[in-house]
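# Per-entry structural report
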Protein chains: 2
Amino acid sequence: MSQSRFDPNFTKHVIETIGPNCTPRDREVLGCLIKHIHDFAREIELTPEEWMLGVKFVNSIGQASTPIRNEGQRISDVIGLESLVDEIAHKMVTEGADPTSSSILGPFWSPNAPFRELGGSIIQDPAPGGKPALMHGKVIDLVTGKGIPNAVVDIWQASSNGKYDFQDPENQSDNNLRGKFRTDENGAYHFYMLKPTAYSLPTDGPAGVLLKLLDRHPMRPAHIHLMITHDDFKPVTTQIFPRDDPYLVSDTVFAVKDDLVIDFLPREGDPNAKLDLTYDVKLAPKSS
Amino acid sequence: MSQSRFDPNFTKHVIETIGPNCTPRDREVLGCLIKHIHDFAREIELTPEEWMLGVKFVNSIGQASTPIRNEGQRISDVIGLESLVDEIAHKMVTEGADPTSSSILGPFWSPNAPFRELGGSIIQDPAPGGKPALMHGKVIDLVTGKGIPNAVVDIWQASSNGKYDFQDPENQSDNNLRGKFRTDENGAYHFYMLKPTAYSLPTDGPAGVLLKLLDRHPMRPAHIHLMITHDDFKPVTTQIFPRDDPYLVSDTVFAVKDDLVIDFLPREGDPNAKLDLTYDVKLAPKSS
């Protein structure tokens with residue numbers, strides 16, 4: 001233990017009380033967590049008052065959570081933990097290969113997004129100030145370089161007011177700005193969506209308290225969420241970020257990676273969109 | 001960072017986003033906490049599924065908490081954190097001296113306990129199977145060895161069914177088994193209470209889930225809570241434990257210390273109690 005001033009056997013004793021029927025993985029994970037929490041307390045000599053503030057803060061996280069608000073996940077995001085867990089998982093899946101980078105799922109994915117026709121639009125409702133764009137590209141086999149037919153591209157994004165459908169029932173219908181598309185026989189997809197808008201995390205709960213303590217802004221750079229799956233390939237969950245966003249370097253949930261930054265270009269002669277985004281996704285075969 | 005397999009700059013980057021208006025102590029505490037949480041995730045290569053279980057568990061803590069149930073504190077106790085924080089605080093207050101050891105406050109102290117007369121009883125309600133005892137002793141100045149008049153001895157304990165008054169409104173009136181006593185001109189006190197009873201932490205919430213995962217029992221050894229205060233002395237919050245309790249070596253909140261183990265002796269000729277407990281408390285002067 002790091003501080004010999006304190007009982008050197010205490011943490012060992014606590015970990016040794018774990019019983020014989022604890023699974024090996026639970027013993028490893030929970031033992032390591034207890035060790036780090038104790039080391040933290042000793043290193044900064046946590047006071048009883050600070051500890052009690054922490055207890056109240058932890059209680060406040062669950063109290064602010066609802067079926068459509070996951071404050072525990074949000075706190076985890078604000079301290080970079082979801083992004084780190086994503087890095088760990090991605091490194092283990094893809095070590096040595098080079099598919100499209102993953103990024104965090106976040107709390108706004110829905111399992112209920114409808115399949116839509118290629119060439120269709122995920123924009124169901126008016127989005128004042130929103131800029132429609134055609135997004136198109138191919139889902140490619142990392143090994144052969146060929147397009148992957150029948151891959152599923154699941155996309156979700158916030159509207160021009162920075163809110164997702166289920167945060168904003170007054171302005172948005174269910175599944176607005178969500179949709180799943182199947183790639184065609186060449187592995188290609190195309191659909192209409194919005195150029196995304198930067199937004200603030202909700203700051204009326206514990207995440208807001210923590211961000212204020214840390215003197216940090218609550219902004220996420222504009223982004224589009226994507227989850228690309230196919231039975232024969234390793235799936236990827238990611239986000240892509242327009243290059244012109246001022247929060248690109250200070251994303252409050254630490255999700256930006258260099259190869260996920262994209263450029264919207266002008267689009268000519270299309271009555272449905274004045275912007276154009278080309279984005280290809282590379283997937284690694286499951287057998288690799 | 002411990003695992004060079006992963007981005008060696010990530011944790012540093014997250015900590016460096018803390019803004020200039022964060023207080024130095026908040027920066028130290030929260031930066032250290034973020035570092036340890038990240039190191040934990042890297043060391044055991046936390047998976048997304050394990051992380052999400054953790055997020056749900058954190059949310060469940062606050063959801064199980066109420067104004068009279070502090071599940072965050074209970075989880076903290078089960079992993080030994082309240083006891084460790086108590087050790088850190090006590091070491092800082094008393095380094096070099098040797099007053100009565102402190103132990104954790106726990107979630108059942110009440111600020112509303114009434115002052116009672118010396119020689120009175122904290123037993124307001126029937127306690128089936130409970131064994132009344134006379135507890136008596138002196139509060140002593142650690143430096144001079146003399147009794148301290150007008151010290152306040154605040155005592156609280158569970159009833160013979162293992163429940164505190166506010167957990168058990170059907171059987172116990174407010175402030176049953178709670179009371180404050182002022183020492184007399186010699187620093188002495190005496191009052192009637194119960195020989196305490198071992199009890200289980202409530203296991204119908206997240207603490208029960210965690211204890212089951214850890215394959216640990218939920219039992220606390222029998223104990224009496226004490227908080228002793230006087231304006232001129234450093235206060236002590238502690239617990240004392242009958243020597244004959246089977247859970248003494250495996251207290252599920254790790255609060256037992258050797259010098260807090262006590263013996264109940266037979267008491268003769270007292271119609272109010274057949275047991276006798278002598279317990280002196282040593283306080284360090286604030287000036288020392």
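Residues numbered from 1 in each chain as written. Chains lettered and ligands numbered in written order. Predicted model: local features only at pLDDT ≥ 70, side-chain atom pairs only at ≥ 80, totals over all residues. Heavy atoms only, no water.

Our focus in this paragraph is the interface of chain A and chain B. Contacts between the two partners involve 70 residues from chain A and, on the opposite side, 70 residues from chain B. Between chain A and chain B, a total of about 6,300 Å² is buried, with carbon and sulfur atoms accounting for 67% of that surface. The largest share of the area that chain A buries against chain B comes from His36, Phe40 and Trp51 of chain A, three residues that together contribute 10% of it. Ionic pairing is found between Arg25 of chain B and Glu50 of chain A, a salt bridge with its closest N-O pair at 2.7 Å. (Contact = heavy atoms within 4.5 Å. Buried area = accessible area lost by both parts, 1.4 Å probe. Salt bridge = Lys/Arg side-chain N within 4 Å of Asp/Glu carboxyl O.)

As a further point, take the UniProt feature "domain: Intradiol ring-cleavage dioxygenases" (unreviewed entry) in chain A. Here, UniProt's "domain: Intradiol ring-cleavage dioxygenases" (unreviewed entry) annotation points to residues 105–284 of chain A. Between the C-alpha atoms that bound residues 105–284 of chain A there is a distance of 19 Å. The span itself is 4% helix and 33% strand. (UniProt positions renumbered as here; feature names shortened; annotations may be inferred. Helix = DSSP H or I, 4+ residues; strand = E, 2+ residues; numbered from the N terminus.)

The domain boundaries assigned to chain A delineate domain 1 (1–46) and domain 2 (79–283). Here domain 1 of chain A and domain 2 of chain A have C-alpha centroids that lie 39 Å from each other. (Domains from an automatic or database assignment.)

Glancing now at the sheet that holds strand E9 (residues 261–262) of chain B. All names here are of chain B. Strand order in the open sheet formed by five strands is E3-E2-E7-E8-E9, with mixed pairing between adjacent strands. Each having just a single partner strand, strand E3 (178–182) and E9 make up the two edges of the open sheet. With six bridges joining them, strand E7 (residues 224–230) and strand E8 (residues 233–242) adopt antiparallel strand pairing. Looking across to E8, one finds that Ile224 is bridged to Ile240. (Pairing = 2+ DSSP bridges.)

Attention now moves to the relation of the copies chain A and chain B. Taken as rigid bodies, chain A and chain B are interconverted by a rotation of 180° and an axial shift of 0.0 Å, the fit giving an RMSD of 0.1 Å. Expressed as a symmetry operation, the mapping of one chain copy onto the other fits a two-fold axis. Closest to the rotation axis within chain A is the C-alpha of Gly62 of chain A, separated from it by 2.0 Å. Of the interface residues in chain A, 100% have counterparts in chain B that sit at the interface too, so the contact is made through matching surfaces. (Least-squares fit on C-alpha atoms with pLDDT ≥ 70 in both.)

Our next topic: the side chain of Asn59 of chain A. Position of Asn59 of chain A among the secondary structure elements: in helix H3 (residues 48–64). Looking at Asn59 of chain A, its side chain comes within polar contact range of the side chain of Ser65 of chain B, at 3.0 Å. Residues in contact with Asn59 of chain A, not counting those within four places in the same chain, are Ile61, Gly62, Ser65, Asn70, Glu71 and Gly72 of chain B. (Polar contact = N/O pair within 3.5 Å; in protein donor to acceptor, adjacent residues only side chain to side chain.)

The next thing to look at is the environment of Phe115 of chain B. All names here are of chain B. Residue position: Phe115 is located in the loop between helix H5 (81–94) and strand E1 (132–141). Since its relative accessible area comes to 45%, Phe115 is described here as partly exposed. Separated by 67 residues in the primary sequence, Phe115 and Arg182 place their C-alpha atoms 8.0 Å from one another. Beyond its immediate sequence surroundings of up to four residues, Phe115 is in contact with Val152, Lys180, Phe181 and Arg182. (Buried < 20%, exposed > 50% of the residue type's maximum accessible area, 1.4 Å probe, protein only.)

Counting residues in hydrophobic clusters, the biggest one holds 65 residues, and the most contacted among them are Met135, Val139, Ile155, Met193, Leu226 and Tyr279 of chain A. For Val139 of chain A, the residues in contact, after removing those within four places along its chain, are Lys146, Gly147, Ile148, Ala151, Val153, Thr183, Gly187, Tyr189, Ile228, Val281 and Leu283 of chain A. By size, the runner-up hydrophobic cluster in this structure holds 64 residues, among which are Phe10 of chain A together with Val29, Cys32 and Leu248 of chain B. (Core = buried A, V, L, I, M, F, W, Y, C linked by side-chain atoms within 4.5 Å.)

To continue, consider unusual backbone geometry. Residues and elements named next belong to chain B. Despite not being glycine, Asp215 shows a phi value in the positive range, around 50°. By secondary structure assignment, the location of Asp215 is in the loop between helix H6 (206–213) and strand E6 (219–220). At Phe254, a residue that is not glycine, the phi angle is positive and equals roughly 60°. Among the structural elements, Phe254 can be located in the loop between E8 and E9.

Glancing now at the packing of helix H2 (residues 24–43) of chain A against helix H2 (residues 24–43) of chain B. With their axes 9 Å apart at the nearest point, H2 of chain A and H2 of chain B run at an angle of 160° to one another. Relative to H2 of chain B, the element H2 of chain A is oriented roughly antiparallel. Remark: the crossing between H2 of chain A and H2 of chain B carries right-handed chirality. For the pair H2 of chain A and H2 of chain B, the contacting residues are Val29, Cys32, Leu33, Lys35, His36, Asp39, Phe40 and Glu43 of chain A in the first and Val29, Cys32, Leu33, Lys35, His36, Asp39, Phe40 and Glu43 of chain B in the second. Along the lines of polarity and charge, the residues of the contact of H2 of chain A with H2 of chain B split into eight nonpolar, two polar and six charged. (Axes fitted to C-alpha atoms, helices over the stretch in contact; angles between N-to-C directions. Parallel < 35°, antiparallel > 145°, perpendicular 65-115°, else oblique. Left-handed = near helix turned anticlockwise from the far one by under 90°. Nonpolar A, V, L, I, M, F, W, Y, C, P; charged D, E, K, R; others polar.)

This part is about helix H4 (residues 71–78) of chain A. Residues and elements named next belong to chain A. Among the eight residues of H4, eight are classified as buried, and the element is accordingly described as predominantly covered. If you check which residues of H4 are buried, you get Glu71, Gly72, Gln73, Arg74, Ile75, Ser76, Asp77 and Val78. Regarding H4, its N-cap is Asn70, as a side-chain oxygen of that residue lies 3.3 Å from the backbone nitrogen of Gly72 further along. In the stretch just after H4, Gly80 is the one whose phi turns positive, near 80°.

In the structure shown here, the tally under the stated rule is 12 aromatic pairs over all chains. Centroid distance Phe108 of chain B to Tyr164 of chain B: 4.3 Å. Interplanar angle 15°. Geometry classified as stacked. With Phe108 of chain B in the loop between H5 and E1 and Tyr164 of chain B in the loop between strand E2 (152–156) and E3, the pair connects residues that are 56 residues apart, well separated along the chain. Tyr164 of chain B matches Phe108 of chain B in its accessibility class, with the two residues each being buried. Linked through ring pairs, Phe108, Tyr164, Phe166 and Tyr199 of chain A together constitute an aromatic cluster. (Phe/Tyr/Trp six-rings, centres within 6.5 Å; stacked < 30°, edge-to-face > 60°.)

Here we take up the pattern of salt bridges. Applying the stated rule across the entire model yields 30 salt bridges over all chains. Residues joined in a network through salt bridges with shared partners are Arg69, Glu71, Arg74 and Asp204 of chain A.

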